[in-house]
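Residue strings, one per chain:
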Amino acid sequence: MWRYILKRLLMIIPVLVGVTFVVYMILSVAHGDPVQTILGDKATEEAQEQLRAELGLDRPLIVQYGNYIWDALHGDFGTSYKNQVDVMDQVLDRFPNTLLIAAGAILLSLVLGIPVGIISAKKQYSFIDNASMVGALFGVSMPAFWMGLLLVIVFSLKLRLLPSSGMNSESLGLLLKSMILPVIALSTYSLAMIARMTRSSMLEVIRQDYISTARSKGITEGQVTVRHMLRNALIPIITAVGLQFGTLVGGSIMTETVFSWPGIGRLIVESIKSRDIPMVMGSVIFLCVIFSMVNLLVDLLYAFVDPQIKSQYKGK
Amino acid sequence: MADNDNILEIRDLKIVYKTQEGVVEALNGASLSLKRGQTLGLVGETGAGKTTLARGIMGLIPKPPGQVVGGEIFFNGTDLLKASEHDMRKVRGAQISMIFQDPMTSLNPVMTVGEQIEEVLRAHGRSVKEAVEGAHEMLEMVGIPKERAEEYPHQFSGGMKQRIIIAIALACNPEFLIADEPTTALDVTIQYQVLVMMQKLKEQFNTSMLMITHDLGIVAQNCDYVAIMYAGQVVEYGALREIFKDPRHPYTLGLFGSIPSLSEDTDRLTPIEGMPPDPTRLPTGCPFHPRCQYATEACAQWKSEAYPVGGEHTVRCLRFQPAEKREEA
Amino acid sequence: MIMKKQERIQKAREDVLNKPYEAADVKQRSLFQETWMRFRRSKTAMFGLCFLLFLVLVSITTVVIDVVTDQEIYNNYVIEQDPASRLQLPSGEHLLGMDELGRDILMRLLWGARYSLFMSLLSIVVALLVGGALGAIAGYFGGKTDNIIMRIMDVLLSMPPMLLALTVVAALGTATINVVVAVGVSFVPSFARVLRASVLQVKEQEYIEAAKAVGSSHFRIITQFVIPNSLAPIIVQGTLGVANAILTIASLSFVGLGVQSPLPEWGLMLSNARNYMREAWHITVVPGIAIMLTILSLNLMGDGLRDAMDPKLKN
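Draft legend 1. Fine view of the overall build of chain B. When helices and strands are tallied, chain B shows eleven helices and twelve strands. For chain B, whose C-alpha radius of gyration is 21 Å, the value lies close to the compact-globule estimate of 20 Å for 329 residues. If one aligns the C-alpha atoms of chain B with their principal axes, the spans along those axes are about 65 × 50 × 40 Å. Here chain B holds 329 residues, and 44% of them are scored as buried.

Okay, here's the thing in structure tokens:
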């Protein structure tokens, strides 16, 4: 088992190097000369040269990339062009807010999506099944930002139950209250997708011969469902959940925009608009690294549910 | 009430599956009985209702689409069809066990084989420790070292998987075992090993057994009684010798005519003409009459029933209707 | 009346009698016809197809109108603002009401259909060509080529698509064509994976061996055998890809990094409507329904296609 984990850990390193390299290259090549952006058109030739040397821009791109990563590893993502704040500080400041709604959304999707999928599969073609699958179909077709706007119209503007925007961290209660709508909006797609995947992989398992074997042992239907059906359906479900994290990153950018949530997604959008490349680069690279780590965690989860992996790496 | 010698007695069992294409009459008044400690071979073509019968006894007809619409299943004198789901759970695995057709797919791939044997022991009141010990014991009994209890099904061969399934089925020492084509999916040499082992364990535990197969050779070697099924009915029933020496039903005659014999010299095998009937549209009267060479017009009107023909031998065929009954009609 | 009824019965009887011949014909139908037969049976998939055809029709018609009238209608009804009737609720005159600048929402929706449709189609075609070619090459040649290509794809896959699209937009700017490129790039790896998988599957078949034995070129084998056999998963993936692309394009426009004002792009309409939610709900609801119906139709069609092309996958 440890060997599998170690193998996965080593495999992620080239991916991380690749991702950071791609982001760095796209942003620095296409961006052109940052010196003019910073100093404006009227700066003298000398001043420009001096800044260029200061920023290390006179060296080859690959060296610049190396330096950037070296600094990043030491907690330095450079300084924002726009307001001279430290990029790393800003990113670390915003990231927990994103994590808050993202974790809330994935939790909600799992807690609701998996049971709905199980019930639908067990009662295939029943009213509950049909209703939840129609709902799920709309769920996967609904853009997160539109869902967010609808929620605001209904729950903030009409019913006046929940705040329409912003993050209120004065107290835990208020924080939770301001989280509800963003979390629901963000989870819609993942919830629907996980429910659909759970249902289809449960349906595949339900007809297997080993379910008959399990039933013939005289165990309860609940035990058959959890121990035999769900445990076998879990591998495709985990894959589906893993795929949701990518969607979740995209969704959180939209959700944060709708709800003026001070997360890292909105930071990226604002920075792109103000052409603040160091900020964009820092945030994007940071998110990519986090995303890779989450994927790694999902991969490691397989080691606990997939007997092929379990037996292959057993005791070595 | 049921005969006390009989561990199992099925009377007029009717089970249907409601599908989009129509109502499939899987069991159409099947009756049979089995004495304590004996083995009954249940023979018939694919689709004759053998597996449905087995699942019916276990109370494992998938509903929907399946539904038991009539009949009785007496097990040790009590009607299983009247038992609650809760009571049936106590019967399954403890008093009646079932071995399924395909060992490759009948074990849960994500549980160790040890856990799967322990599960049935735990379900019937054993403590964790007893269950683990019991599982090891059962593995050894079917010839698998107990150290392998920690392994997963994909690490075993087909024959070994079937042994594990047998270990699960016999773990709680059931009185009655249903084996649904236990060796069809295995190589011939492995088939033999598994059958010998089953026979040995059956004698050791004094288990009664219902052996479903379409292989008359296996029946001849392992069974005390034989029931021949056709289109959801038991068309002929009797002791092994009665059926093999003196088959009466035209379908049984057809079955024996279509297998090669070592002792007799035949140039050609004689197949049964025609195809098994569409289970959503069974013929009226005797379901076999459209394929039967002895069929008369009366066969299409005949109300299917079994007639004794000496000993324990019964046949469901109009040709064996006793004379007094014929006069009544 | 009575005659008619008898005729009808007679016709029904003939239909029944003719059925065996129809059944015999099934075998001679091409794979395409077979698939279409199965696809047609799903009402939901047909709904999706019809709605999408309607959108294509609308898009083409509006483009033609623009060309013919030299954008007169476009300028007068889609772009021209009318402060007097801003935020008007739906009425007989303006079926879906007026937006925050007094423009007819129905007209804007009709003229905006092309953005969602053509931009997403274009980006998926780009992704399909690039990703498909890379995947086919990787799968067909295997070894080092495969390794290099797929590692690059792994890198792209480990970036969330929306983030990749944002990065490209950040680098290239928000011109419409850049949005297409950005979305296209983010879908390259998924197509590469699908094509590679089916190529690997097809490669093992004996008829490929036979083709090699008679000296067919690599290009010929790929185009003649490999690609036709990979078509089913690609069409399904493509349909779902278009749905995702529409969502991504609408999302980019919504945050202000996609199509720019005053173009009637649906995501952008939603973005502009945000500030007027309090006064008028309809300008938020209507464009959203348009986006959702489009994505829903694509999802329905994708599900239907998957079931029709590979009945085994249907549960």
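There's plenty left to go through after this.
Draft legend 2. Quick look at the interface of chain C and chain A. With 35 residues of chain C at the interface, the matching set in chain A holds 41 residues. Of all the secondary structure elements, the ones that give two or more residues to the side of chain C that touches chain A are helix H6 (143-157), helix H7 (161-172), helix H10 (218-254) and helix H12 (282-309) of chain C. When residues of the side of chain C that touches chain A are assigned to their parent elements, the largest contribution, ten residues, is made by H7(C). Among the residues forming the side of chain C that touches chain A, the class breakdown is 24 nonpolar, eight polar and three charged.

Draft legend 3. The confidence of the model for chain B, seen in detail. Residue and element names in this part refer to chain B. In this model, chain B carries a mean pLDDT of 84, and residues with pLDDT of at least 70 account for 95%. Confidence scores differ between elements of chain B, with helix H11 (residues 323-328) showing the lowest mean pLDDT of 66 and helix H3 (residues 113-123) the highest of 92. In the predicted assembly, ipTM is 0.87 and pTM is 0.84.

Draft legend 4. The sheet that holds strand E11 (residues 307-308) of chain B, seen in detail. Residue and element names in this part refer to chain B. Spatially, eight strands are ordered E6-E7-E8-E3-E9-E10-E12-E11 in an open sheet, and the strand pairing comes out mixed. Among the strands making up the open sheet, the edge pair consists of strand E6 (96-99) and E11. Judged from the two bridges that link them, E11 and strand E12 (residues 314-315) form a sheet pairing that is antiparallel. Each bridged residue has a counterpart across the sheet, and for proline 308 the counterpart in E12 is threonine 314.

Draft legend 5. A look at helix H4 (residues 61-73) of chain A. With 13 residues, H4(A) ought to run about 18 Å at 1.5 Å a step, and its terminal C-alpha atoms sit 18 Å apart, in line with that. Immediately downstream of H4(A), the backbone of A:Gly75 shows phi near 85 degrees, a positive value.

Draft legend 6. Layout of the nonpolar core. Grouped together as the largest cluster of nonpolar side chains are 231 residues, with contacts concentrated most on B:Ala167, B:Ile228 and C:Val169. Within the second largest apolar cluster, five residues are counted, among which are C:Met107, C:Leu110, C:Trp111 and C:Ala113.

Draft legend 7. Seen up close, the interface of chain B and chain A. Listed as interface residues are 27 residues of chain B and, on the opposing side, 19 residues of chain A. Of all the elements in the fold, those that place two or more residues in the side of chain B that touches chain A are helix H2 (85-91), E6, H3 and helix H5 (158-170) of chain B. Counting residues per element, the side of chain B that touches chain A draws most heavily on H3(B), at three residues. Each residue belonging to the side of chain B that touches chain A can be placed in one class, and the counts come to 13 nonpolar, eight polar and six charged.

Draft legend 8. Broad picture of the arrangement of the chains. A comparison of contact numbers over the two pairs of chains in contact places chains A and C at the top. For chain B and chain C, which are not in contact, the least C-alpha distance works out to 15 Å.

Draft legend 9. Looking closely at the sheet that holds strand E1 (residues 6-19) of chain B. All names here are of chain B. The four strands are arranged E2-E1-E4-E5 in an open sheet whose pairing can be described as antiparallel. Across the chains shown, the open sheet's two edge strands, defined by having one partner strand only, are strand E2 (22-35) and strand E5 (78-79). Where helix H1 (residues 50-58) meets the sheet, it contacts E1, E2 and strand E4 (66-75), and its direction lies at approximately 70 degrees from that of E2.

Draft legend 10. Region of the structure containing the environment of A:Val85. Residues and elements named next belong to chain A. Tracing the sequence through the fold places valine 85 in the loop between H4 and helix H5 (87-122). Distance from valine 85 to methionine 279, taken between C-alpha atoms, is 9.4 Å for residues 194 residues apart in sequence. Those residues within four positions of valine 85 in sequence are excluded, and the remaining contacts are Ser80 and Gln90.

Draft legend 11. Quick look at the pairing of E4(B). Residues and elements named next belong to chain B. Pairing of E1 with E4 involves eight bridges; the strand directions are antiparallel. Along E4, the bridge assignment pairs lysine 14 with glycine 70. Where E4 and E5 come together, two bridges link them in antiparallel fashion. Looking at E5, one finds that phenylalanine 75 is bridged to threonine 78. Count of turn residues in the E4/E5 antiparallel hairpin: two residues, of which asparagine 76 carries a positive phi of about 50 degrees.

Draft legend 12. Helix H6 (residues 127-141) of chain A, seen in detail. The first and last C-alpha atoms of H6(A) sit 21 Å apart over 15 residues, in line with the 21 Å expected at 1.5 Å per residue. The secondary structure elements touched by the buried residues of H6(A) are H5 and helix H8 (172-206) of chain A together with H12 of chain C.

About the cut-offs
- Residues numbered from 1 in each chain as written.
- Chains lettered and ligands numbered in written order.
- Predicted model: local features only at pLDDT ≥ 70, side-chain atom pairs only at ≥ 80, totals over all residues.
- Helix = DSSP H or I, 4+ residues; strand = E, 2+ residues; numbered from the N terminus.
- Rg over C-alpha atoms; globule rule 2.2 N^0.38 Å.
- Buried ≥ 20, exposed ≤ 12 C-beta atoms within 10 Å, placed from the backbone.
- Contact = placed C-beta atoms within 7 Å.
- Nonpolar A, V, L, I, M, F, W, Y, C, P; charged D, E, K, R; others polar.
- pLDDT = per-residue confidence, 0-100.
- Pairing = 2+ DSSP bridges.
- Expected span 1.5 Å × (residues − 1).
- Core = buried A, V, L, I, M, F, W, Y, C linked by C-beta atoms within 7 Å.
- Axes fitted to C-alpha atoms, helices over the stretch in contact; angles between N-to-C directions.

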